[in-house]
Amino acid sequence: MNRNFKLSDFKKAKKNQKPIVALTAYDFPTAYYEQQAGIDFILVGDSMGMVCYGRHNTLQVTLEDIIKHSQAVRKGAPETFVVGDMPFLTYQISTEQAVENAGKLVSQGEVDAVKVEGGQEVASQIKSILNCGIAVMGHLGLTPQSISKYGGYRLQGKTVEKAKKIYQDALILEELGVFSIVLEFIPQELAELITEKITIPTIGIGSGNKCDGQILVIHDLMNFNPDVIPKFVRTYANLGQTYTQSISQYSEDVRSGNFPGESESTKIKNFTVDEYRKLIEQK
Ligand code: KIV
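Predicted model only: the values in this text are computed from it and were never measured. (Residues numbered from 1 in each chain as written. Predicted model: local features only at pLDDT ≥ 70, side-chain atom pairs only at ≥ 80, totals over all residues. Heavy atoms only, no water.)

Draft legend 1. Here's a closer look at the site of the ligand. Every residue near the ligand is listed here: T24, L43, G45, D46, S47, D85, K115, H139, V182, E184, I205 and V217. S47 is positioned such that a nitrogen or oxygen atom in its side chain is 2.5 Å from an oxygen atom of the ligand. Here D85 contributes a side-chain N or O atom positioned 3.1 Å from an oxygen atom of the ligand. Look at the ligand: alone it shows 260 Å² of surface, and the protein chains cover 97% of it. Its residues assigned to classes, the shell around the ligand comprises four nonpolar, four polar and four charged. (Near = heavy atom within 4 Å. Polar contact = N/O pair within 3.5 Å; in protein donor to acceptor, adjacent residues only side chain to side chain. Areas by Shrake-Rupley, 256 points an atom, 1.4 Å probe, with all protein chains shown as cover. Nonpolar A, V, L, I, M, F, W, Y, C, P; charged D, E, K, R; others polar.)

Here you go:
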């Protein structure tokens, strides 16, 4: 395993106050360009359910989906640290189930680590995965697999009681031995407090700029998501518009006979249509 940014670099980055840069990827070309750009790690997130498959939540994503997409990502980014998401109901049921599925994700999906949503309620599963020798990334705050309980994608940790639960879960995860924690859509001051308190890096998404790193869904960053893009995203391109304009132009060119042109076609010298007619039809 020859990675540009390794497991041991997560803690080093926090110590040296070097922000960790992460994005999701689900396919070969995206992973390739993310590695070219030199990001620190890639998450093959179950957000693929929404941005790749057009679902309204992440709940239908399967372990097989994550494995298949992770294999493509690994091909595109062989030197980048890749984390694979454990999908809904692949670890919640039992420690045995969690270990077996995390093992499959690492061995078949070729990821460097797995990500598990939740704190104290999945502590025994996280412990078992770690005991099996697999690195685990935690995920607290807005955990999309609990969307049914939340009733929508909303800011989490708004009350003192809820903020305290997220804070205590972060301490539990650190104690268990996870190497990093994603903090999704919580108040920035709460994220700052947790980041100060724990020795492993926090990776924020919609949780302010005091986290040790940041992650975004690549389709959101590129404005390539026909669904609603969360308010905490900054878009760096307008791929949706570029796609529509390019495809419209292509349609126009095909319909007008403008595509393909001479340079996009192949001609064999001396072989005219008449020559072909003579050689092929008169046989
Ligand atoms: O699935 C995902 O993309 C995630 C990130 C939003 C952190 O979990």
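Draft legend 2. Seen up close, the sheet that holds strand β3 (residues 81-85). With parallel pairing, the eight strands of this closed barrel are ordered in space as β1-β2-β3-β4-β5-β6-β7-β8. In this sheet, neighbouring strand axes are inclined to one another by 25° on average, regardless of whether the strands run parallel or antiparallel. Contacts from helix α4 (residues 63-76) reach β2 (41-44) and β3 within the one sheet, and its direction differs from that of β2 by about 155°. (Pairing = 2+ DSSP bridges. Helix = DSSP H or I, 4+ residues; strand = E, 2+ residues; numbered from the N terminus. Axes fitted to C-alpha atoms, helices over the stretch in contact; angles between N-to-C directions. Contact = heavy atoms within 4.5 Å.)

Draft legend 3. Seen up close, the domain arrangement of the protein. Structurally, the protein comprises domain 1 (7-237) and domain 2 (242-281). Between the C-alpha centres of domain 1 and domain 2 there is a distance of 47 Å. (Domains from an automatic or database assignment.)

Draft legend 4. Spatial organisation of the pairing of strand β5 (residues 136-141). Counted residue by residue, β5 has six buried out of six residues, so it is predominantly covered. Here strand β4 (residues 113-117) runs beside β5; their pairing, made up of four bridges, is parallel. In the strand pairing of β5, V116 is matched with G138. Handedness of the crossover joining β4 and β5 through helix α6 (residues 123-131): right-handed. Bridge count for β5 against strand β6 (residues 180-184) is five bridges, and the pairing is parallel. Its bridge partner being in β6, H139 is matched across the sheet by V182. (Buried < 20%, exposed > 50% of the residue type's maximum accessible area, 1.4 Å probe, protein only. Right-handed = clockwise from strand over helix to strand, strands pointing away.)

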